[in-house]
Amino acid sequence: MSVSAVSAVPAAAADSSVCAPLAVLGRDVTVPLVTGGEVTYAALDYAASAPALQRVWDDVAAYAPYYGSVHRGAGYLSQLSTDLFENSRTTVAEFLDCREGDQVVFTRSTTDSLNLLAAALPAGCEVFVFETEHHASLLPWRDARVTYLDAPRTPDQAVHTLERALADRDPYGPALVCVTGASNVTGELWPVRELAAAAHAHGARIVLDAAQLAPHHPVSVRELDVDWVAFSGHKLYAPFGSGVLAGRSDWLREAEPYLAGGGASRKVTRRPKEAGGGVDVEWHDTAARHEAGSPNVIGVYSIAAACKALTEAGFDDLVAREQYLIRTVREGLAEVPAVRVLSLFGDDAPRVGVISFVVDGWNSSHFAAALSAEYGIGVRDGLFCAHPLVRTLLGGESEEPGECGAPEAAPGEKSLNAIRVSFGAGTPDEHVERFVRAVKELVADGARWNYRTEDGRCVPDTSAAA
């Protein structure tokens, strides 16, 4: 089966000259090394938060003097800000290729978006979710009947697993499937279109967690035929604090507002005192129904600016360049026998720039600390807020405790966590080349500094060198 989460991934270019990395904030920041001197920081933790595009930051700075409260005032700045806010909604809808009648609701993050949808589920709704999901899409469904599906080992198996589960459900009740577009642990693309077809064939709806997909590939709600899509601005090269839930309006229109307050209400009237007092509320049936309070206008505009910047840069070129970087990292790691790259679907699976691995003889927190302190490279270590998936890939017991950071383990001790390197449109070649070189040197020669455990993390021991 071809994984059709996105259009076919272009073949990797012979080099990265297909396009230059996009300008991002922090690209010239230098950091100190414990071994002496400074080096330009290599930000290779895009899967957690991508650096903001310089273009986005410039657009926001240009708007800042004209800041005004939206939907609230008759003044010029309020009117300008309202237009900017609503035009941003249109920009995001176009970026996602939404259908006519779809709503774009602005939230705080992917987590917030999926919790909003969870709060809007109709009574008796059953939710189907793979154990491989990020906690943002694994955990919000606490008030629903949830069927957790085992980790598949091929895209075909994912579809067949879902079809079997859906075939056993009540065919007349509401149902929702939640699936990622690209894994935040392995970077592998999921067969979204095929999963959507399976869901719809059994009378279920589907929501796509596109937090890791949207920054790397175009996402079309129409072509994928998903009912909703959720993503975060801070992974899409925008500042923190904003997110999107876009898709069908009916469940959202019929649900109680996610938050009660100004903006969500169309009309509020006081009941006669003889009738017991209180108030009656008529809620909006547009996206405003779930956007109570003064919205994050800066965050919303930054998402729209990022959508425009990525579209204008050209996803084909961005994807081709990223595939070159992926190949550089994977081929480099393959030359180190002590390194094991984590994967569900195998080496040939299409993927985005997210790669997790473990190193024989190393505690992952220790290895990540050495990359940072000795090479100026920022990566992530731990369970990546996807505990069941990482434990499955590492062969650990599902009940073994852990946190999103590294468990408390001394340098050199084995721990049930991994190392994740991730990159994207703003990553220079030198950053991934330095990373590959650093991995090889650490494995071959060991760390050049002593490390100790502090608050559950490995940190350089500043009292003495190794």
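Residues numbered from 1 in each chain as written. Predicted model: local features only at pLDDT ≥ 70, side-chain atom pairs only at ≥ 80, totals over all residues. Heavy atoms only, no water.

Draft legend 1. Quick peek at the pairing of strand S9 (residues 228–232). Across the five residues of S9, five count as buried, placing the element largely inside the fold. Of the two faces of S9, the one holding Trp 228, Ala 230 and Ser 232 and the one holding Val 229 and Phe 231 are both buried throughout. Pairing analysis gives three bridges linking strand S8 (residues 205–209) to S9, with the strands arranged parallel. Its bridge partner lying in S9, Asp 209 is registered against Ala 230. With five bridges joining them, S9 and strand S10 (residues 243–247) adopt antiparallel strand pairing. (Buried < 20%, exposed > 50% of the residue type's maximum accessible area, 1.4 Å probe, protein only. Helix = DSSP H or I, 4+ residues; strand = E, 2+ residues; numbered from the N terminus. Pairing = 2+ DSSP bridges.)

Draft legend 2. Summary view of the sheet that holds strand S5 (residues 126–130). Strand order across the open sheet formed by seven strands is S4-S10-S9-S8-S7-S5-S6, with mixed pairing between neighbours. Looking at strand neighbours, the two that pair on one side only are strand S4 (103–107) and strand S6 (145–149), the edges of this open sheet. The mean angle between the axes of side-by-side strands here comes to 20°, regardless of whether they run parallel or antiparallel. Bridge count between S4 and S10: five bridges; the pairing is antiparallel. (Axes fitted to C-alpha atoms, helices over the stretch in contact; angles between N-to-C directions.)

Draft legend 3. Examining the confidence of the model for the chain more closely. Averaged over the chain, the pLDDT score is 91; the fraction of residues at 70 or greater is 91%. Note that residues 1–14 has pLDDT below 50 and, in this model, 44 contacts with residues that lie over four places away or in other chains. Within the model, the stretch residues 397–408 combines pLDDT values under 50 with 30 contacts to residues more than four positions away or in other chains. (pLDDT = per-residue confidence, 0-100. Contact = heavy atoms within 4.5 Å.)

Draft legend 4. Quick peek at a nonpolar patch on the surface. Taken together, the side chains of Tyr 66, Tyr 76 and Leu 77 present a nonpolar region at the surface, about 340 Å² in accessible area. Tracing the chain through its elements places Tyr 76 in helix H2 (residues 76–95). (Patch = residues over 30% accessible without salt bridge, like charges linked within 9 Å, V, L, I, M, F, W, Y side chains within 5 Å. Areas by Shrake-Rupley, 256 points an atom, 1.4 Å probe, with all protein chains shown as cover. Salt bridge = Lys/Arg side-chain N within 4 Å of Asp/Glu carboxyl O.)

Draft legend 5. Geometry of the pattern of salt bridges. In this structure the tally under the stated criterion is 23 salt bridges. Residue Glu 312 pairs with Arg 55 through a salt bridge whose shortest N-O separation is 3.0 Å. Of the two residues, Glu 312 is situated in helix H9 (residues 297–313) and Arg 55 in helix H1 (residues 54–63); the sequence distance between them amounts to 257 residues. Here Glu 312 falls in the exposed class, since its relative accessible area comes to 57%.

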